[in-house]
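What follows is each chain in one-letter form.
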Amino acid sequence: MSEKHIVPQAIDPFNTYILLVLSYLTANASRLLITTTNITALNGLVTDGATGWTHWFNLHASASTRTGPNTTNMHAKETEITKKLQSIYSDLPGSLMNADDYANLHIAPPVTHHAKRTAITNIPFGKVYSMGGALVNHIVRTDSHSKRATIDPLADAVEVKGIVLPVDAPLPTDPKDCNLDYLSKEGLFSHAFTPAEAGKRFACFLRFVNLTDESKNGGWSGVISCIIGL
C-alpha cells in the first residue's frame, strides 16, 4: 500500500485523519498486534505538548502565531507521522483486519479472490540470548532464509511457549509444560522479564501460526534456552 496516498496531505484533512486514526489504532492495538512502542511513539508525535503535531497545528491555525518556523515545524511533524504510519500499516496482518479497519484507516481492502493459504510446513530455526537487563532476545529463521530473521510467508506470527526455571532444572520436553505464551509478527524480537527472574534459565519452543485458522499452524521446534541476564 502507498501510505502517502492513504494519509491526506492538506493540513485540515490531515489533522482530522490523524486524530481519528490515533484513537482507532490505540483502541484496536491488541487485536491488530500493534506494539505498545509504536502506539506510544505515534501518540507522542501527535499530542506532545511542546513538539507534537497538535501543538504546531494550533500555532498555525492562529494568524498571530502562524510564523515561518512554526509552519516548517508543523510540516516536519506531518512527515514524521506519515512515516510512522507507514511503518505501522506495513506490519498490519491482513488476516486480522476487518471492514471497519479498512474504512477508518482509508486503506483499500485487498482483492479477495486469491487462493486460500495452505498449512504451514516450516518449523522455525530459533536462538535466544540475553545480554542483561532481564531482556531475552529472539532470532527466528526459516530453512530458506537461514541468514536473516524472518517468519514463514504463510504465517501471521511466530508463537513462543516458554517457562522460567532454576538454572539446574531439567529443560521441558513439550510446549504443554510451559506457562508463558506470546506472539511476534517479526523474526527478530525481544521479551522483557522481571529483575527477580534475572539469573534464571528461560526455555521455550517456537512455531509459525495462522491466526485465523489454527488447523494450519506449523509444528513446534525443539527446546532452546538461555540464562536471563542480570
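Throughout what follows, the structure given in this document is the object of discussion. (Residues numbered from 1 in each chain as written. Predicted model: local features only at pLDDT ≥ 70, side-chain atom pairs only at ≥ 80, totals over all residues. Heavy atoms only, no water.)

Thoughts on helix H3 (residues 36-47)
The terminal C-alpha atoms of H3, which comprises twelve residues, lie 16 Å apart, in line with the 16 Å expected from a rise of 1.5 Å per residue. Residues of H3 that are buried: Asn-38, Ile-39, Leu-42, Leu-45 and Val-46. The arc enclosing the buried residues of H3, seen along the axis, measures out at 130°, which places them on a common side. The exposed set on the far side of H3, more than 90 degrees from its buried face, consists of Thr-36, Thr-37 and Thr-40. Where H3 is buried, its residues touch helix H2 (11-27), helix H4 (53-61) and helix H5 (68-91). (Helix = DSSP H or I, 4+ residues; strand = E, 2+ residues; numbered from the N terminus. Expected span 1.5 Å × (residues − 1). Buried < 20%, exposed > 50% of the residue type's maximum accessible area, 1.4 Å probe, protein only. Arc of directions from axis to C-beta. Contact = heavy atoms within 4.5 Å.)

Concerning the pattern of salt bridges
In total, this model carries six salt bridges according to the counting rule given. The partner of Glu-159 in a salt bridge is Arg-207, and the shortest N-O contact between them spans 2.7 Å. In this pair, Glu-159 sits in strand E3 (residues 157-165) while Arg-207 sits in strand E6 (residues 201-209), placing the two residues 48 residues apart along the sequence. Each member of the pair Glu-159 and Arg-207 is classed as buried. Between Asp-213 and Lys-216 there is a salt bridge whose closest N-O contact spans 3.8 Å. (Salt bridge = Lys/Arg side-chain N within 4 Å of Asp/Glu carboxyl O.)

These figures come from the coordinates and say nothing about function on their own.
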